[in-house]
Amino acid sequence: MNSMNTHLPVSGYIQPSNGFDAKRVFRVWRRHLGLFSLIFVAVMLVGGAVVFTLKPTYTATATVVLTTQDADPLAPEGQQPQSVVEDDRPATEAALLMSRDVASDVLRQYPAPPAAPSFHLRSWLCGKGVAMLCQKPVASTPQSRESGEITQFLTQLKVSPEDRSRVLDVAVTANTGPRAAELADAVVTNYQTIALGQQTANVSRIASWLDARTQQLRQRWLDAVTKANEFAIAKGLTNTGSGDATDPLVDSQIAETAVNLSGAQARLAAAQARADSLRQGGDPSTLVDAAQQPIVVSAANELAQLESQRGQQEAEYGRNYPGVRELNREIAATRASLNSATGSALGNIRSNLVAARAEVNQLTSYLNRLRAEAGQQSAPQAEYRSLTQEAQSAQTVYETFLDHSKEVVDRASLLEPPINFVSHAAIPGQPTFPNHPKLLAGVVVVAMVLAFAIILLIDYLSVGFGDVDDLRGSVQLPLLTAIPVVSASRRRLVARHVLDEPFSRASEAVRGLAAQLSLLVRDADTPRSLLVTSASAEEGKTTLVVWLALTVRLGGQKVLVVDGDHRRGSLMRHMSGSAKLGLTDLLAGRATLSEVIQTDPDTKVDFIAAGRPMTHSFGTGEIMRLRAILATLKTSYGLVIVDSPPLLAMTDGLVHASIVDQTIFVCRWQSTSRRAVIGCIERLRAYGAQIPGIVVSMVDQKSTLALGDDYSRRELKLINKLYGS
């Protein structure tokens, strides 16, 4: 059909990359620079406003150290167990410091200041009559408000044990520095008061039990003395010696055995007291004080910590919260372990109690036997001495308990809280939040990331092509030229753009396209036919046909434009003439070439209108006639340009493409669907169309595709002056 090169070398062709393409991202950024700047500035304004409207908060920290806790109130002097600081005690004390009881006492000492009035958009709109924004009143009680204040305060309280030490940091966050410092100190002092009160109550309870027991032993001693005296008077005994050398041997044995029996009874009483205290003490701290077993101490501390955590979570989330249920299971397991350890400790004490009771029974039996022997010598005297021995034994036990009771009372005055201050909280001079430089830096990062994400998402969701490499890789064709968008108030002005503004970007792009098409022809005198088509309407196809015809005519070559769209007849929007007769009439034999060829009086371009609409597809005869018509036209014109109908609307363009020498496919930048472009190119190739490349139309003036720049008015005046045009 022709002797032309049908393909141009694809210079600079880049296969689409599956990985990260920095150059493509940069091109996307350049293409959407305006939107990127708008999003960045908007996020910066909103973020900056939020940062500078944040209320400042201050954090003050008090440092405390754990004290040594020992002193078993029931243990006699010199028998205190060695003090041991357990590994979990810092965590336990931290949990107790963050208990709701401590928080409640702190807020009673330093009530929360009334909230300053502030502007709320929702409340303002509600006051203006927008009822749907009004909040429903919620019934609240003083108890619920107090519970809410305690929960909020606990969120601002943080107690952190330092690694491998007995030091705790108590940090409180508040709206002002002085309040943060006084609240941090108040947490420590109120916890000290509560802990001392609990210790004092425990010691007082034990002291009360010892006092009652001492009174019973004193009464027992006095009753024994009274009974011995009454027996001596009743029997008229006058020789009531205390067992000197004149007493027989059996009396000395009785005296020695009585002394041993008194010591055994004292040990039995002490063991009995510890066993009774262990049975009566249901509180874990009482069990620890009574047993002083390491396992019991560890289990009791763990139980106290878990119960404190459960109380906090029940107050904050309710009893049905999954964390509360899990704590209930852990508390049950810990309580079972504590009961087991307590039972073991009680078993040890009971063993000691059984041994002491056995010793008392043995000595009592031996004493009774000696008294029986002494009774054979002097029954009244022996009876009297027995009563005297009982009185002395009761006195010894009484004095032992009396001394122990005094020790417990003296020890109560030496009690100290479980923690002591290392340093009081200092008033912070600068707010800990917000950190304006860091937050603003974060806002900058967020703004940039968000802006990049939005423009990349827009590019990804874009229907049309937005990247040259993407376009080339999809259609496997070179890009002939990119024509910038040209705006005008009237279409006639758009059609004359290459005449009115010959040095604009669009005019230069059309001249470059004409030059590339000329390079495809081996013989300069060979006439050729060209089809300009597109996937859909409104892609600048007809405008490109007119501009290309004007550019070629200005170069001195005869050119004819044929409107192949018999449904729309888009060419007549840019040309002046009659649309009654055209290409379809010529194919049907209703007109001749001389009757259908017209000349636009404004642009001096010859053209053939579309003619009457066809209601049938091209037949074999019509295709042959169309081929013959194009061959005839090429004898009179150096270039015949056919304006094809959109390929997605009509198949006529495919028939035209199979007949003409060259086919140019026009793709509207960032508008024409990728699938439509690829599908139309495949259909053109299937019909045997010779496609040298594609043309991108309506490119944004700021895009990197719209290379070059328009001449300035000064430069245009100089050109007109030099060339007289």
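The structure reproduced in this document is the subject of the present report.

What counts, and at which threshold
Each chain has its residues counted from 1, following the order in which its sequence is written. Predicted model: local features are reported for residues with pLDDT of at least 70 only, side-chain atom pairs are reported and counted for 80 or more only, and whole-chain, interface and lining totals are derived from all residues. By convention in this description, side-chain values take in all heavy atoms of the structure and omit both hydrogens and water. Labels follow the DSSP assignment, with helices taken as runs of H or I lasting at least four residues and strands as runs of E lasting at least two, numbered in each case from the N terminus. Burial classes: relative accessible area under 20% of the type maximum marks a residue as buried, over 50% as exposed, and values in between as partly exposed (1.4 Å probe, protein chains only). Per-residue and other accessible areas were derived by the Shrake-Rupley procedure at a 1.4 Å probe size, with only the shown protein chains allowed to occlude residues. One side-chain nitrogen of Lys or Arg within 4 Å of one carboxyl oxygen of Asp or Glu is enough to make a salt bridge. Patches here are clusters of residues that have more than 30% relative accessible area and form no salt bridge, with a 9 Å joining cutoff for like charges and a 5 Å cutoff for nonpolar side chains (Val, Leu, Ile, Met, Phe, Trp, Tyr). Pairing between strands is defined by DSSP: at least two bridges between them are needed. Aromatic rings from Phe, Tyr and Trp, taking only the six-membered ring of Trp, are treated as a pair when their centres fall within 6.5 Å; an angle between ring planes under 30 degrees marks them as stacked, one over 60 as edge-to-face, and anything in between as tilted. Lysine and arginine charges are scored as sitting over a ring when NZ or CZ, respectively, is within 6 Å of the ring centre and within 35 degrees of the ring normal. Note on definitions: angles span 0 to 180 degrees between N-to-C directions of axes, and those axes are lines fitted to C-alpha atoms, for helices only across the stretch in contact. By the convention used here, residues are in contact when the closest approach between their heavy atoms is within 4.5 Å.

Before going further, it helps to examine the overall build of the chain. Helix and strand counts for the chain come out as 23 helices and twelve strands. Evaluated residue by residue, the chain yields a buried proportion of 41% over its 725 residues. About 38700 Å² of surface is accessible on the chain, with carbon and sulfur atoms providing 55% of the total.

Attention shifts here to the pattern of salt bridges. Counted under the stated rule, the structure contains ten salt bridges. Between Asp585 and Arg590 there is a salt bridge; the shortest N-O distance is 3.0 Å. Several salt bridges converge on common partners, so that one network encompasses Asp105, Arg108 and Glu146.

Let's shift gears to a nonpolar patch on the surface. Together, Val46, Val50, Leu54 and Phe433 make up an exposed nonpolar region whose accessible area comes to about 320 Å². When you line up the elements, Leu54 lands in the loop between helix 2 (33-53) and strand 1 (58-66). Under the relative-accessibility criterion, Leu54 is labelled partly exposed at 31%.

Alignment of strand 1 against strand 3 (residues 167-174), held across eight bridges, turns out to be antiparallel. Along strand 3, the bridge assignment pairs Thr59 with Thr173. Relative to strand 4 (residues 419-423), strand 1 runs antiparallel, the two sharing four bridges. Looking at the pairing, Thr63 lines up with Ser423 of strand 4.

The final tally for this structure, using the stated rule, is four aromatic pairs. An aromatic cluster is built from Trp29, Phe36, Phe40 and Phe452, whose rings are joined through pairwise contacts. The cationic tip of Lys558 hangs over the ring face of Tyr637; the distance from NZ or CZ to the ring centre is 4.9 Å.

The strand order 2-3-1-4 describes an open sheet built from four strands, whose pairing is antiparallel. Across the chains shown, the open sheet's two edge strands, defined by having one partner strand only, are strand 2 (157-161) and strand 4. The mean angle between the axes of side-by-side strands here comes to 30°, regardless of whether they run parallel or antiparallel. Two elements, strand 2 and strand 3, share five bridges in a ladder whose sense is antiparallel. Note that in strand 3 the partner of Lys158 across the bridge is Ala171. Sitting on the sheet, helix 3 (residues 89-97) is in contact with strand 1, strand 2, strand 3 and strand 4, with an inclination near 170° to strand 2. Packed onto the sheet, helix 7 (residues 177-235) meets strand 1, strand 2, strand 3 and strand 4 and runs at close to 135° relative to strand 3.

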